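Architecture and fold: a report
Each chain, letter by letter, is given below.
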Amino acid sequence: MADETKLLDFLPPAWREHQLAQDLAQAAGTPFDYWRGLLTTVRSHLDPSAAPSEWLDWLMKLVGHFQRPGLSDTRKRNLIRGAGTIWLNKGLAVGIEAYVQAIAGVSATVTESTADPFVCGISTAGDVCGPGGAGWTYEISVPTGSIAEAELRELLEPIVPAYCVYTVTFT
């Protein structure tokens, strides 16, 4: 037989010679062989480096990233790989930096430039959050030519909190 099932290995040697036993084992073992093959390869399909391109959108959804049409496979793989750091530190400089590095594919830095944080009961209304003030201010530095500013701002929208202000500089 061309594609013999693994179930034939479990038959007694005398039964392996009979056509009826071979046919029954082949019929019963084919579904098991399919699932055994799938389960041995599923681990590589969940690895962002080895996953097929058609699995990347599903993996992005699995780790909590928004679906972005037109995002390259490299960027998707970087986002999946860094999902733990990104979501554990969402809204913080560390999380934004991990996200920017995954999106841009290069080393980027995010520095927090807020002078004083607003502390409930200590700060007054005009200290940080008053008219024209923002909760946190970030400066995002990205190497020149790695990504367009408009594209970066669009991709940062779900990651940077609405009460934060950030500037993008190219170095």
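Counting restarts for each chain: residues are numbered from 1 in the order of the written sequence. For this predicted model, a pLDDT threshold of at least 70 governs which residues receive local features, and a threshold of 80 or more governs which side-chain atom pairs are given and counted, while totals over whole chains, interfaces and linings are taken from all residues. In computing side-chain properties, one takes all heavy atoms of the structure into account and sets aside hydrogens as well as water.

Some remarks on the nonpolar core
The definition of a nonpolar core used throughout is a set of buried Ala, Val, Leu, Ile, Met, Phe, Trp, Tyr and Cys residues joined through side-chain atoms within 4.5 Å. When a residue's accessible area, from a 1.4 Å probe over protein chains only, is under 20% of the maximum for its type it is buried; when over 50% it is exposed; and in between it is partly exposed. The biggest cluster of nonpolar side chains holds 30 residues, and the ones touching the most others in it are Leu79, Ile96, Tyr99, Val100, Ile140, Val142 and Leu156. Numbering of helices and strands starts at the N terminus; helices are DSSP runs of H or I of at least 4 residues and strands are runs of E of at least 2. Counting residues per element, the ones that place at least two in this core are α2 (56-62), α3 (73-81), α5 (93-104), β2 (136-142), α6 (149-156) and β3 (164-170). If we skip the residues at most four places from it in the chain, Val100 touches Gly105, Ala108, Ile140, Val142, Leu152 and Leu156. What makes two residues a contact is simply this: any of their non-hydrogen atoms within 4.5 Å.

Comments concerning the sheet that holds strand β1 (residues 109-112)
Either a parallel or an antiparallel arrangement is found when strands of a sheet pair, and the pairing is made through backbone hydrogen bonds. The three strands are arranged β1-β2-β3 in an open sheet whose pairing can be described as mixed. The outermost strands of the open sheet, each flanked by one partner alone, are β1 and β3. In this sheet, neighbouring strand axes are inclined to one another by 20° on average, regardless of whether the strands run parallel or antiparallel. In terms of strand pairing, β2 meets β3 through seven bridges, oriented parallel. Residue pairing for β3: Trp136 is matched across the bridge by Cys164. Whenever a helix is involved, its axis is fitted only over the stretch in contact; in every case the axis is a line through C-alpha atoms, and angles between N-to-C directions fall within 0 to 180 degrees. α5 rests against β1 and β2 of the sheet, and its axis sits at about 30° to β2. Packing of α6 onto the sheet brings it into contact with β2 and β3, and relative to β3 it is tilted by some 150°. Strands pair, by our definition, only if DSSP identifies at least two bridges between them.

Just distances and angles here, no functional claims.
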